[in-house]
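A structural walkthrough
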Number of protein chains: 2
Amino acid sequence: MREPLDPDMFDELCPSSLTPIRFGDKWAGMIIRCLEDGPRRFSELRVPLRRVTPKMLTQSLRGLERDGLVRRTVQAPQTHTDEVGPGGAGGRPPSGRIEYALTPLGRSLLGPMAVACAWADEHWEELLDARESAAGTAESARPAG
Amino acid sequence: MREPLDPDMFDELCPSSLTPIRFGDKWAGMIIRCLEDGPRRFSELRVPLRRVTPKMLTQSLRGLERDGLVRRTVQAPQTHTDEVGPGGAGGRPPSGRIEYALTPLGRSLLGPMAVACAWADEHWEELLDARESAAGTAESARPAG
DNA sequence: CGGCATCCAAGTCGATACTG
DNA sequence: CAGTATCGACTTGGATGCCG
């Protein structure tokens, strides 16, 4: 658990954007899934969600926080750096470590989200077919313009 | 089944608008639920969804049709009106009876929707509490302006 | 009855630049 | 690192009026 998030997890080839089932705003569902395995820092979330501007990421997180689905915590920086860690020797102490984590309420959404994902997984081809058919009929209705 | 739809089913007291789980556009979920028990005519849908302008109702229905969730059918009007029914004696024959019905794909959404409704039913109070707390802290952060 | 056309207000989202 | 500020495009949805 708490492994680094897959950078390609939410690439634009992922057809999740065509399901009619949505959770909150455009990125809320993906954010929740990123927090599924434990707390994450802002910059950690930015890796899989690198197509999301920091403004939107902040905005979505604030919305989730407002609804009690996500909790934002600031940990005081350790003044005595007895555990610098390998490769982190050059960093000056940040003003505070900020983490986002799912609340129990946020976690309770994982069930419905799994159901939604299962539905999308099972039916996204039908959705694509229907849309292509609709586009085709719309085209044929046009007099070759 | 096929009883008339409850006019108050989707009144604004219904807190479904605060759940983060959405199906398609603003009214798609409600439309699907209205079609759950069988085909409905446009004017039938307008009763429980009377807060929805006809433009939006059409727009949502077109979207659902495009995605293969709803099918729109036009039946030829019966020229011989052997069944006028009580109280309907004054109606002149319409140009065609139009009905909207769920497709199997649309019907397959009822399961996830039930899950979403169960979640909302179970947690909407927590959502409200969180929002009120958030509003309160936002107010107290303001310097009594 | 079952829409469509038009206008307009509000919200959403993205790009870019800047900050403590 | 973790945001904030500003601008503008795009989308969504409501109000109103008209049509076959």
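An unreviewed UniProt entry lists chain A under the name Helix-turn-helix transcriptional regulator, with Actinomadura barringtoniae as the source organism.

A look at the interface of chain B and chain A
Counting residues at the interface gives 21 residues for chain B, matched by 21 residues for chain A. Carbon and sulfur atoms supply 71% of the area buried between chain B and chain A, which totals about 2000 Å² over both sides. Counting the surface chain B buries against chain A, the share from its top three residues, R66, L105 and W119 of chain B, is 25%. There are two salt bridges connecting chain B and chain A. With its nearest N and O atoms 2.7 Å apart, the salt bridge here joins R131 of chain B to D67 of chain A.

Overview of the protein's contact with DNA strand D
Around DNA strand D, the structure places 15 residues, and the nearest of them are R41, S43, R72 and Y100 of chain A together with K55 of chain B. Counting only the atoms of DNA strand D within 4 Å of the protein, the fraction contributed by sugar and phosphate is 71%. Within the contact set of DNA strand D, a phosphate oxygen lies 2.6 Å away from a side-chain nitrogen or oxygen of R41 of chain A. Contributions of two or more residues to the surface near DNA strand D are made by helix 2 (42–46), helix 3 (54–66) and strand 3 (97–102) of chain A together with helix 3 (54–66) of chain B. By residue number, the principal contributor to the surface near DNA strand D is helix 3 of chain A, which donates three residues. Residue classes in the surface near DNA strand D are distributed as five nonpolar, three polar and seven charged.

Details of the relation of the copies chain B and chain A
Superposing the two chain copies requires a rotation about an axis and a translation along that axis. For these two chains of identical sequence, chain B goes onto chain A by a turn of 180° and a shift of 0.0 Å along the axis, with RMSD 0.1 Å. What we have between these two chains is a two-fold relation. Minimal C-alpha separation from the rotation axis in chain B is found for R22 of chain B, amounting to 2.4 Å.

Let's talk about the sheet that holds strand 4 (residues 97–102) of chain B
All names here are of chain B. Here we have three strands laid out as an open sheet, ordered 2-4-3, and antiparallel in their pairing. A single partner strand is all that each edge strand has here, and the edge strands are strand 2 (40–41) and strand 3 (70–75). Across two bridges, the pairing between strand 2 and strand 4 is antiparallel. For R40, the partnering residue across the bridge sits in strand 4 and is Y100. The sheet strands contacting helix 3 are strand 3 and strand 4, and the helix crosses strand 3 at an angle near 105°.

Side note on the protein's contact with DNA strand C
Residues in close proximity to DNA strand C total 15 residues, the closest being K55 of chain A together with R41, S43, T58 and Y100 of chain B. The share of sugar and phosphate among atoms of DNA strand C within 4 Å of the protein is 72%. Contact distances for DNA strand C include 2.4 Å between a phosphate oxygen and a side-chain N or O atom of Y100 of chain B.

Cut-off values and rules
Residues numbered from 1 in each chain as written. Chains lettered and ligands numbered in written order. Predicted model: local features only at pLDDT ≥ 70, side-chain atom pairs only at ≥ 80, totals over all residues. Heavy atoms only, no water. Contact = heavy atoms within 4.5 Å. Buried area = accessible area lost by both parts, 1.4 Å probe. Salt bridge = Lys/Arg side-chain N within 4 Å of Asp/Glu carboxyl O. Near = heavy atom within 4 Å. Polar contact = N/O pair within 3.5 Å; in protein donor to acceptor, adjacent residues only side chain to side chain. Helix = DSSP H or I, 4+ residues; strand = E, 2+ residues; numbered from the N terminus. Nonpolar A, V, L, I, M, F, W, Y, C, P; charged D, E, K, R; others polar. Least-squares fit on C-alpha atoms with pLDDT ≥ 70 in both. Pairing = 2+ DSSP bridges. Axes fitted to C-alpha atoms, helices over the stretch in contact; angles between N-to-C directions.

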